[in-house]
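# Coordinate analysis (summary)
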Amino acid sequence: MDWGMQNRLSRIINPKTNRCVMLAVDHGYFQGPTSGLERPGETVAPLLEYADALMLTRGVLRNTIDPGTTAPIVLRVSGGTSILKDDLSDEDISVSIEDAIRLNVAAIAISVFVGSVNEKRTLTNLSRLCDRGQKYGIPVLAVTAVGKEMARDARYLGLACRIAAELGAQVVKTYHCEDFAKVVNGCPVPVVIAGGKKIEERDALTLAYNAVSDGAVGVDMGRNIFQSRWPVAMIRSVRAIVQDGKSDAEAWEMAQSLMD
Ligand code: R5P
């Protein structure tokens, strides 16, 4: 891996711990003003100091995030559909590599929809994006989006993660599942998990703990942080698990002490 690529990756995945807490606030790219993200700049402001990286779109970045921020940016560069469509897989690359460079991002992110009607297009989009990232030393985060008809099991997620890595992604984001260690084991690049829909705070901490225990390098978590009544307590407690090696029980104690 060349120096620039490695350096950018090191800004996201801490080389001392080989772990990463990424805060995901890109949901509006197909969901519109997602609950908790109506004013994304205000949502992320108190959370940024606890995040190793911030994942978002260029529109939200340009319009709501202070350019003085030191947070490494993981820029979502796929889109083209909305929740008004039944099938969300109809995505293309939505940002040029020049604009990603202009925004000084640490990585670029794209969804792939393995098993969907648009499987081939989203996978070749990933390949094209990896070529562009490779040219300029910008790592690609592949997001394994799961259609309604797909099972979120180790067989499916393992397949999707492995394909994303084979096509050139430097990091893969997926969902935790039973036998998740098999997914990680079959994927030659670092894996982070999405948090998914909002669940109880205690359960979200267990999810993060199980993911890293099963070999994930960390989380790319959104709703379970910013939709919580206690977003700062949540990101700090998730961080305690991912970066400080705390158990979910210890992190839950910490979370409770931080909840007002
Ligand atoms: C979904 O496509 C988006 O990329 C989100 O960034 C991702 O799902 C992580 O957010 P959450 O933890 O809310 O699932």
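Note that the coordinates shown come from a computational prediction; the quantities given were computed from them, not determined experimentally. (Residues numbered from 1 in each chain as written. Predicted model: local features only at pLDDT ≥ 70, side-chain atom pairs only at ≥ 80, totals over all residues. Heavy atoms only, no water.)

## Observations concerning the pattern of salt bridges
Heads up, the condition is: One side-chain nitrogen of Lys or Arg within 4 Å of one carboxyl oxygen of Asp or Glu is enough to make a salt bridge. The secondary structure listing takes helices from DSSP runs of H or I that are at least 4 residues long and strands from runs of E that are at least 2 residues long, numbered from the N terminus. Partly exposed describes any residue whose relative accessible area lies between the buried limit of under 20% and the exposed limit of over 50%, with all areas from a 1.4 Å probe on protein chains only and scaled to the type maximum.
In total, this model carries twelve salt bridges according to the counting rule given. For R58, the salt bridge identified is with D99, shortest N-O distance 2.8 Å. You can see R58 sitting in helix α4 (residues 58-64) and its partner D99 sitting in helix α5 (residues 97-102), a full 41 residues away along the chain. The residue R202 makes a salt bridge to D248 at a minimum N-O spacing of 3.5 Å. Linking R202 in helix α9 (residues 201-213) with D248 in helix α12 (residues 248-258), this pair joins segments that are 46 residues apart in sequence. Judged by relative accessible area, which is 13%, D248 ranks as buried. Here the salt bridges do not stand alone but share partners, grouping R58, R62, D99 and R102 into one network.

## Topic: the site of the ligand
For clarity, the threshold we go by: Note on definitions. A residue lies near a molecule or strand when any single heavy atom of the residue is within 4 Å of it. Distance and chemistry together define a polar contact, namely a pair of N or O atoms within 3.5 Å, with one atom able to donate a hydrogen and the other to accept it when in protein, and with adjacent residues in sequence counting only for side-chain atoms on both sides. Surface accessibility follows the Shrake-Rupley procedure with a 1.4 Å probe radius. Residue values consider only the protein chains on display as shielding. For this classification, Asp, Glu, Lys and Arg are treated as charged, while Ala, Val, Leu, Ile, Met, Phe, Trp, Tyr, Cys and Pro are nonpolar and the rest, including Gly, are polar.
The ligand sits among 13 residues. The nearest are D26, H27, G196, G222 and R223. G195 is positioned such that a nitrogen or oxygen atom in its backbone is 2.8 Å from an oxygen atom of the ligand. In isolation the ligand exposes 360 Å². Once the protein is present, 95% of that is buried. When grouped by side-chain class, the residues that make up the shell around the ligand number four nonpolar, four polar and five charged.

## As for the sheet that holds strand β1 (residues 20-24)
The strands making up a sheet associate through backbone hydrogen bonding, with each pair oriented either parallel or antiparallel. Our working definition: Note on pairing: DSSP must find at least two bridges between two strands before they are called paired. Here, axes are lines fitted to C-alpha atoms. For helices the fit covers the stretch in contact, and angles between N-to-C directions go from 0 to 180 degrees. Residues count as neighbours in contact if any of their non-hydrogen atoms are within 4.5 Å of one another.
Spatial strand order, β1-β2-β3-β6-β7-β8-β9-β10: eight strands in a closed barrel with parallel pairing. Across the sheet, the mean angle separating the axes of adjacent strands is 25 degrees when strand polarity is ignored. In the sheet, β1 pairs with strand β2 (residues 53-56) via three bridges, with the strands oriented parallel. In the sheet register, A24 faces β2, and the bridge partner there is M55. Its contacts with the sheet place α9 against β9 (191-194) and β10 (218-221), and it is angled at close to 140 degrees to β10.

## Side note on the packing of aromatic side chains
Here is the rule: Each pair of aromatic rings taken from Phe, Tyr and Trp, with Trp reduced to its six-membered ring, is defined by centres within 6.5 Å and is described as stacked if the planes are under 30 degrees apart, edge-to-face if over 60, and tilted in the remaining cases. As a reminder, the over-ring test applies to NZ of lysine and CZ of arginine, requiring each to be within 6 Å of the ring centre and within 35 degrees of the ring normal.
With the rule as written, the count across this model stands at one aromatic pair. Relative to F30, the ring of Y29 lies with its centre 5.0 Å away and its plane at 70 degrees, an arrangement referred to as edge-to-face. Sitting above the plane of the Y175 ring, R152 keeps its charged end 3.9 Å from the centroid.

## Some remarks on the side chain of N125
Topologically, N125 is positioned in helix α6 (residues 119-136). Take N125: its relative accessible area is 1%, and that puts it in the buried class. In contact with N125, other than residues within four places in its own chain, are E91, D92, I93 and I110.

## Section: the side chain of D99
Residue classification places D99 among the buried positions, given a relative accessible area of 4%. If we ignore the near neighbours within four places in the chain, the residues touching D99 are R58 and R62.

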